[in-house]
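# Topology and contacts: notes
Single-letter residue listing:
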Amino acid sequence: MAEQEKDNTMTVVIAVTLIAIVGVFLLKKDETKHLQMSGETSAAAEAQVLSKHKDFNNDILSQAK
């Protein structure tokens, strides 16, 4: 009898799907890592940073009065 060649299409589709799913989970895990590394901030520290902020509001009409 002639041997039939095995079709590996389904195996390839399943392997690519699993690799994609694992890749998405790895990227999702890495997505918020920078937020955890920054540490805790207090309201006083944020106020100190914002106090140095200069507002470049281009409202010329209010300055003309």
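Residues numbered from 1 in each chain as written. Predicted model: local features only at pLDDT ≥ 70, side-chain atom pairs only at ≥ 80, totals over all residues. Heavy atoms only, no water.

## Observations concerning the overall build of the protein
- Along its length, the protein carries 4 helices and 0 strands.
- Split by element, the accessible area of the protein, about 7,000 Å² in all, is 62% carbon and sulfur. (Helix = DSSP H or I, 4+ residues; strand = E, 2+ residues; numbered from the N terminus. Areas by Shrake-Rupley, 256 points an atom, 1.4 Å probe, with all protein chains shown as cover.)

## Things to note about the confidence of the model for the protein
- Averaged over the protein, the pLDDT score is 80; the fraction of residues at 70 or greater is 82%.
- Mean pLDDT values for the elements of the protein range from 69 in helix H4 (residues 60-64) up to 93 in helix H1 (residues 9-31). (pLDDT = per-residue confidence, 0-100.)

## Details of a nonpolar patch on the surface
- Taken together, the side chains of Met10, Val13, Ile14 and Leu18 define a hydrophobic patch exposed on the protein surface, amounting to about 400 Å² of accessible area.
- With respect to the helices, strands and loops of the structure, Met10 is situated in helix H1. (Patch = residues over 30% accessible without salt bridge, like charges linked within 9 Å, V, L, I, M, F, W, Y side chains within 5 Å. Salt bridge = Lys/Arg side-chain N within 4 Å of Asp/Glu carboxyl O.)

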